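# Summary of structural features
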Amino acid sequence: MEELVLKVWGDFACFTRPEMKVERVSYDVMTPSAARGILEAILWKPAIRWRVKQIDVLRPVKWYSVKRNEVDHKISARVAASAMEKGCGDLGIVGSDHCIQRNALVLRDVAYLIHADFILTKNAGPSDNPLKFREMFLRRVTHGQCFHQPCMGCREFPAHFALGEDGDTPITESRDLGWMLHDIDFDGECAEPRFFRASMEQGCVTVPELDAAEVAS
């Protein structure tokens, strides 16, 4: 199937590195999992699974440091399990009582081209076919429709989207991006993060298949 090309852009973005435990620091460019999240925000169906093939960086990488209000507390699994057993319980958190300011190093003025396709899953019905979902996706993008607002990594950084155009060209910069989160593999007994050695060549990041040899856990 021919690849679909989606252009996304926004004022800010934060594709958080998992090794940063307290202060958020973004990857240099959008991760494949974030790109998949945007595609699924526009069109998600049990019958299809999105595969991100390539991400083109359309604007130079620019950094911006901000302070963000975050909650430093979460409901424990024990309390949640107790509430489920009893049918009631106090699971609320008052944000003002657990608010803390943390620094975040985010991206500013970002724009990307997402090259992707999809495959039919075992949940596809007899009437499901790739052309049906392709036209559905193109129609939804053209009309600006989405199931929920796509975001650039964090919910407070909304993503605008449109179909890619011939005039959209990536930047000419190349750099080693190091180990990058590819996606979460849900095929095993438990969810497992998968990483790959990413590099940007003339503004283009090639994304391997999730089960490729160069993708490690």
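Here, every reference points to the structure presented above.
In what follows, the accompanying structure is described. (Residues numbered from 1 in each chain as written. Predicted model: local features only at pLDDT ≥ 70, side-chain atom pairs only at ≥ 80, totals over all residues. Heavy atoms only, no water.)

## Focus on helix α3 (residues 130-142)
It helps to recall that an α-helix has 3.6 residues per turn; residues three or four apart then point in one direction. Quick reminder of the rule: Helical segments are the DSSP runs of H or I of at least four residues, strand segments are the runs of E of at least two, and each set is numbered from the N terminus. Here the expected length of a helix is defined as 1.5 Å per residue gap, with one fewer gap than residues. Only protein chains enter the calculation, and the probe is 1.4 Å; a residue is then buried if its accessible area is under 20% of its type maximum, exposed if over 50%, and partly exposed in between. This arc is built from the directions going out from the helix axis to the C-beta atoms. Contacts were defined at the residue level, with two residues in contact if any of their heavy atoms lie within 4.5 Å. Polar contact criterion, stated in full: a pair of N or O atoms within 3.5 Å, where within protein one must be able to donate a hydrogen and the other to accept it, and residues adjacent in sequence count only if both atoms are side-chain atoms.
Its 13 residues place the ends of α3 18 Å apart at the C-alpha level, agreeing with the 18 Å of an ideal helix rising 1.5 Å per residue. All buried positions along α3 are accounted for by Phe 133, Arg 134, Met 136, Phe 137, Arg 140 and Val 141. Viewed along the axis of α3, the buried residues span an arc of 165°, placing them on a single side of the element. The exposed residues of α3 that point more than 90 degrees off its buried face are Leu 131 and Thr 142. Considering only its buried residues, α3 is in contact with β1 (4-13), α1 (32-42), β3 (48-57), β5 (99-120) and β8 (160-163). Where α3 begins, the side chain of Asn 129 points an oxygen toward the backbone nitrogen of Leu 131, at a separation of 3.2 Å. Positive phi appears at Gly 144, one or two residues downstream of α3, with a value of about 70°.

## Describing the layout of surface pockets
This is how the line gets drawn: Detection works on a 1 Å grid of protein atoms alone, calling trapped sets that fit a 1.4 Å probe cavities and calling open sets with protein on both sides within 12 Å along at least five of seven lines pockets, with lining residues defined by an atom within 4 Å of a point. Grid points are joined across faces, edges and corners, and a volume is the space filled by probe spheres set on the points. Amino acid classes used here: Ala, Val, Leu, Ile, Met, Phe, Trp, Tyr, Cys and Pro are nonpolar; Asp, Glu, Lys and Arg are charged; the rest, including Gly, are polar.
The computed volume of the largest pocket comes to approximately 700 Å³. Lining the largest pocket are 26 residues; nearest its centre among them are Arg 36, Arg 49, Trp 50, Asp 187 and Leu 210. Of all the secondary-structure elements, those providing two or more residues to the lining of the largest pocket are α1, β3 and β9 (175-185). With six residues, β3 is the largest single contributor of residues to the lining of the largest pocket. Tallied by class, the residues present in the lining of the largest pocket amount to 11 nonpolar, three polar and 12 charged. One number sums up the size of the second largest pocket: a volume of about 300 Å³. As for the second largest pocket, its lining consists of 19 residues, of which Phe 15, Thr 31, Ser 33, Ala 34 and Gly 153 are closest to the centre. Put simply, the parts of the chain that give the lining of the second largest pocket at least two residues each are α1 and β7 (154-158). Looking at the lining of the second largest pocket element by element, the count peaks at five residues for α1. Looking at side-chain class alone, the lining of the second largest pocket contains 10 nonpolar, seven polar and two charged residues.

## Regarding the pairing of strand β10 (residues 192-201)
Consecutive residues of a regular strand have side chains that alternate between opposite faces of the sheet. Which entries qualify depends on this criterion: Strand pairing requires that DSSP identify at least two bridges connecting the strands.
Two elements, β9 and β10, share nine bridges in a ladder whose sense is antiparallel. By the bridge assignment, Arg 175 is partnered in β10 with Met 200. In terms of strand pairing, β10 meets strand β12 (residues 215-216) through two bridges, oriented antiparallel. Across the sheet, residue Phe 195 finds its bridge partner in β12, namely Ala 216. If you look at the hairpin formed by β10 and strand β11 (residues 204-206), you'll find two residues sitting between the two strands, and Gln 202 has a positive phi there, around 55°.

## A look at empty space enclosed by the protein
According to the stated counting rule, one finds one cavity of 30 Å³ or more in the structure shown. Put simply, the largest cavity is a space of about 50 Å³. Around the largest cavity, the lining residues are Asp 28, Val 57, Arg 59, Pro 60, Val 61, Lys 62, Leu 107, Arg 108, Asp 109, Val 110, Ala 111 and Tyr 112. Along the lines of polarity and charge, the residues of the lining of the largest cavity split into seven nonpolar, no polar and five charged.

## Focus on the nonpolar core
One broad rule of soluble globular proteins: the nonpolar side chains tend to lie buried together. For clarity, the threshold we go by: Grouping buried Ala, Val, Leu, Ile, Met, Phe, Trp, Tyr and Cys residues that are joined through side-chain atoms within 4.5 Å yields what is termed a nonpolar core.
Ranked by internal contacts, the top residues of the largest apolar core, which has 51 residues, are Met 30, Tyr 112 and Met 152. Among the secondary structure elements, those contributing two or more residues to this core are β1, α1, β3, β5, α3, β7, β9 and β10. Examining the composition of this core, we find that eight residues originate from one element, β5, more than from any other.

## Quick word on the side chain of Asp 185
Put simply, the rule reads: This count recognises Lys and Arg as positive and Asp and Glu as negative, with His and chain-terminal groups excluded. What makes a salt bridge here is a side-chain nitrogen of Lys or Arg within 4 Å of a carboxyl oxygen of Asp or Glu, nothing more.
One can find Asp 185 in strand β9. The buried charged residue Asp 185 lacks any salt bridge, with Arg 194 as its nearest oppositely charged partner at 4.4 Å. Ignoring anything within four residues of it in the chain, the contact list for Asp 185 reads Cys 190, Ala 191, Glu 192, Arg 194 and Leu 210.

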